[in-house]
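Residues per chain, in single letters:
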Protein chains: 2
Amino acid sequence: MTPATAKKLSFKQQQLRFREDAILDAVNRLLSRKGFDLMTMDEVAAEVGISKASLYKHFESKEELAAASMTRLLEQTLDHAHSLAAELSPLKRLKAVMRWAVTAHLDGAMPSLPSTRSNIQHALIGYAPYAERVGQLTELLGGWILQAQDTGDLSPDLPGEVILYTIYARSCDPVSDFLKTGGAFTDDEIVGYVERTCFNGITGSPDPVA
Amino acid sequence: MTPATAKKLSFKQQQLRFREDAILDAVNRLLSRKGFDLMTMDEVAAEVGISKASLYKHFESKEELAAASMTRLLEQTLDHAHSLAAELSPLKRLKAVMRWAVTAHLDGAMPSLPSTRSNIQHALIGYAPYAERVGQLTELLGGWILQAQDTGDLSPDLPGEVILYTIYARSCDPVSDFLKTGGAFTDDEIVGYVERTCFNGITGSPDPVA
DNA sequence: GTCTATAAACCGATAGAC
DNA sequence: GTCTATCGGTTTATAGAC
């Protein structure tokens, strides 16, 4: 393979990657706005600016398209989690990940967890790259939770499962959507309320400023 | 109108009411299991055991059917809330309503809140009987929340809006579905965890047994 | 790879017989 | 009021020209 050919191939691959990233961006927005069941392939194609047939040249089904989008989102979440300073306490790292996710959710870039009632759930768990990322994130956050329970920063008498699912669910909490629709609060305030009610409940006091 | 005629009419009306209650029961189950968008009128008819055309003799559209089901559910919620002993503190009444709702949710009788991403939301708010019940429940629970904030049982520095939406959302929390799917906990344990994390957060201690 | 056009399936709603 | 049969519209996915 000559350098020229290699360059041309690489350029084509870059173009392909760029186009597919644009598609996944659109899917991400539509998934956040309407959810999997209400999102149509026509809308995706229109949002990207290509035809539906071209879309199917890149992704062979609606399920695979959504799975690719969710997988990329989990990779971004893992990247953000790994980027957190090591000197932060596990509790602060968990809070930081949650704040990041809720902020993305309010920006329309974080779809809600595929609920038990959606068609996509079964397809996702059978999609290896997605399941692998879920496992990685669960392992990472699960370790932080155990550490935070050891120091008493999180309730030691609460099953780790309950804490993990609670953090996952609060990261795309419908409460933030309702508060945003109300229009009485800024996005930062909403993120603060969701974080506070998740960690301290609605009976607890706000954390003292560090 | 003769007594005989009145009796016959009443009987027919009872039959009608009974049939429509059976329809709403089926809608309630399907709404809990699949949500509005994935529920089909064919399924509803099949679950009740009548034909789709007959179904349309009772309710003139899918939206009205869902609205009637949700309205009845809100009435049942209001009935339960009003039945609570007056000597209970506002906080305990709020917790009781939430436990009741989560229990119903785990039994497949409490559909999730119509999310912002569903087609049904706009139809519901334009459906007067539904909107009226939502207003009544919000007024009732909102009053309890204010009282609980006055006594310090709920955080006084949290907007009532945030507390109300949080209680609403936690009443059909997906966390309970995930925990139930896991199979490691009984329904009572799950209800307890959801209540505790809602009111005390994941950092707080369990409430001492009264 | 991109397009237009279309196939195949599904769903909400209705017509018309009984 | 209940049924069977069907319409009209939408959606996923593909065929075939360029």
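Computed from a predicted model, the values in this text were never measured in an experiment. (Residues numbered from 1 in each chain as written. Chains lettered and ligands numbered in written order. Predicted model: local features only at pLDDT ≥ 70, side-chain atom pairs only at ≥ 80, totals over all residues. Heavy atoms only, no water.)

Q: Explain the overall build of chain A here, please?
A: On a plain count of helices and strands, chain A comes out with 10 helices and zero strands. The helix and strand sequence of chain A, counted from the amino end, reads α-α-α-α-α-α-α-α-α-α. Within the span of chain A, comprising 210 residues, buried residues form 46% of the whole. Taken as a whole, chain A presents about 10500 Å² of accessible surface, with 55% of it coming from carbon and sulfur. For chain A, the distance from the average position of its 21 positive side-chain charges to the average position of its 27 negative side-chain charges is 8 Å. (Helix = DSSP H or I, 4+ residues; strand = E, 2+ residues; numbered from the N terminus. Buried < 20%, exposed > 50% of the residue type's maximum accessible area, 1.4 Å probe, protein only. Areas by Shrake-Rupley, 256 points an atom, 1.4 Å probe, with all protein chains shown as cover. Lys, Arg positive; Asp, Glu negative; His and termini not counted. Charge placed at Lys NZ, Arg CZ, Asp CG, Glu CD.)

Q: Explanation requested: the packing of helix α9 (residues 174-182) of chain A against helix α10 (residues 187-200) of chain A in the structure shown.
A: The description of two helices packed together rests on the angle between their axes and the distance between the axes. Residues and elements named next belong to chain A. Where α9 meets α10, the axes come as close as 10 Å, and the angle between the chain directions of the two elements is 145°. By crossing handedness, the relation of α9 to α10 is classed as right-handed. Touching Ser 176, Leu 179 and Lys 180 of α9 are Asp 187, Ile 190 and Val 194, all from α10. (Axes fitted to C-alpha atoms, helices over the stretch in contact; angles between N-to-C directions. Left-handed = near helix turned anticlockwise from the far one by under 90°. Contact = heavy atoms within 4.5 Å.)

Q: Is there a simple way to explain the protein's contact with DNA strand D in this structure?
A: Taken together, 17 residues surround DNA strand D, and among them Lys 52 and Tyr 56 of chain A together with Ser 51, Ser 54 and Lys 57 of chain B come closest. The sugar-phosphate portion of DNA strand D accounts for 56% of its atoms within 4 Å of the protein, the bases making up the rest. The separation between a phosphate oxygen of DNA strand D and a polar main-chain atom of Met 41 of chain A is 3.0 Å. A distance of 2.9 Å is found between a base nitrogen of DNA strand D and a side-chain nitrogen or oxygen belonging to Lys 52 of chain A. Sorting the residues of the surface near DNA strand D by element identifies α2 (41-48) and α3 (52-58) of chain A together with α1 (3-38) and α3 (52-58) of chain B as the ones contributing at least two each. (Near = heavy atom within 4 Å. Polar contact = N/O pair within 3.5 Å; in protein donor to acceptor, adjacent residues only side chain to side chain.)

Q: Would you explain the relation of the copies chain B and chain A in this entry?
A: For the pair of chain copies, the relating operation is a rotation around an axis with a shift along it. You can overlay chain B on chain A at an RMSD of 0.1 Å; the transform is a turn of 180° with a shift of 0.0 Å along its axis. Expressed as an axis order, the relation between the two copies is that of a two-fold axis. Proximity to the rotation axis, assessed at the C-alpha, singles out Gly 201 of chain B in chain B; its C-alpha lies 1.9 Å from the axis. (Least-squares fit on C-alpha atoms with pLDDT ≥ 70 in both.)

Q: How do you make sense of the pattern of salt bridges when you look at a structure like this?
A: Note on pairing: side chains with opposite charge can pair once their charged atoms come close. Residues and elements named next belong to chain B. Under the definition given, this model contains 28 salt bridges over all chains. Among the ionic pairs, Glu 47 bridges to Arg 29, the shortest N-O distance being 2.9 Å. Pair noted here: Glu 47 is in helix α2 (residues 41-48) and Arg 29 is in helix α1, with a separation of 18 residues, a long-range link. Taking the relative accessible area as the measure of exposure, Glu 47 reaches 33% and is therefore partly exposed. Judged by relative accessible area, which is 36%, Arg 29 ranks as partly exposed. Ionic pairing is found between Arg 133 and Glu 75, a salt bridge with its closest N-O pair at 2.6 Å. Residue Arg 133 is located in helix α7 (residues 128-150), and its partner Glu 75 is located in helix α4 (residues 62-83); the two are separated by 58 residues in the primary sequence. (Salt bridge = Lys/Arg side-chain N within 4 Å of Asp/Glu carboxyl O.)

Q: Would you mind showing me how to read the packing of aromatic side chains here?
A: Within a pair of aromatic rings, the relevant descriptors are the distance that separates the centres and the angle that separates the planes. Evaluated as defined, the whole model comprises four aromatic pairs over all chains. Judged by centre distance (5.8 Å) and plane angle (55°), the rings of Tyr 165 of chain A and Phe 178 of chain B are tilted. Here Tyr 165 of chain A, found in helix α8 (residues 160-170), pairs with Phe 178 of chain B, found in helix α9 (residues 174-182), and the two come from separate chains. Look at Phe 178 of chain B and you get buried, because its relative accessible area is 18%. Cation over ring: Lys 95 of chain A sits above Phe 199 of chain A, and NZ or CZ is 5.2 Å from the ring centre. Note that Lys 62 of chain B overlies the ring of Phe 36 of chain B, its terminal NZ or CZ placed 4.5 Å from the centroid. (Phe/Tyr/Trp six-rings, centres within 6.5 Å; stacked < 30°, edge-to-face > 60°. Lys NZ or Arg CZ within 6 Å of the ring centre and 35° of its normal.)

Q: Help me understand the interface of chain B and chain A, please; the structure alone is not making it clear to me.
A: Frequently, the measure chosen for interface size is the accessible area removed from exposure when the parts meet. With 48 residues of chain B in contact, the opposing surface of chain A contributes 47 residues. Taken over both partners, the interface formed by chain B and chain A buries close to 4000 Å², and the fraction arising from carbon and sulfur atoms is 62%. Per-residue buried area on chain B facing chain A is highest for Arg 117, Phe 178 and Ile 202 of chain B; these three make up 20% of the total on that side. Inspection of the chain B/chain A interface yields four salt bridges. Among the ionic pairs, Asp 157 of chain B bridges to Arg 196 of chain A, the shortest N-O distance being 2.9 Å. Summed over the shared surface of chain B and chain A, the number is 21 residue pairs in polar contact (both at pLDDT 80 or more). Counting residues per element, the ones that place at least two in the side of chain B that touches chain A are α1, α8 (160-170), α9 and α10 (187-200) of chain B. (Buried area = accessible area lost by both parts, 1.4 Å probe.)

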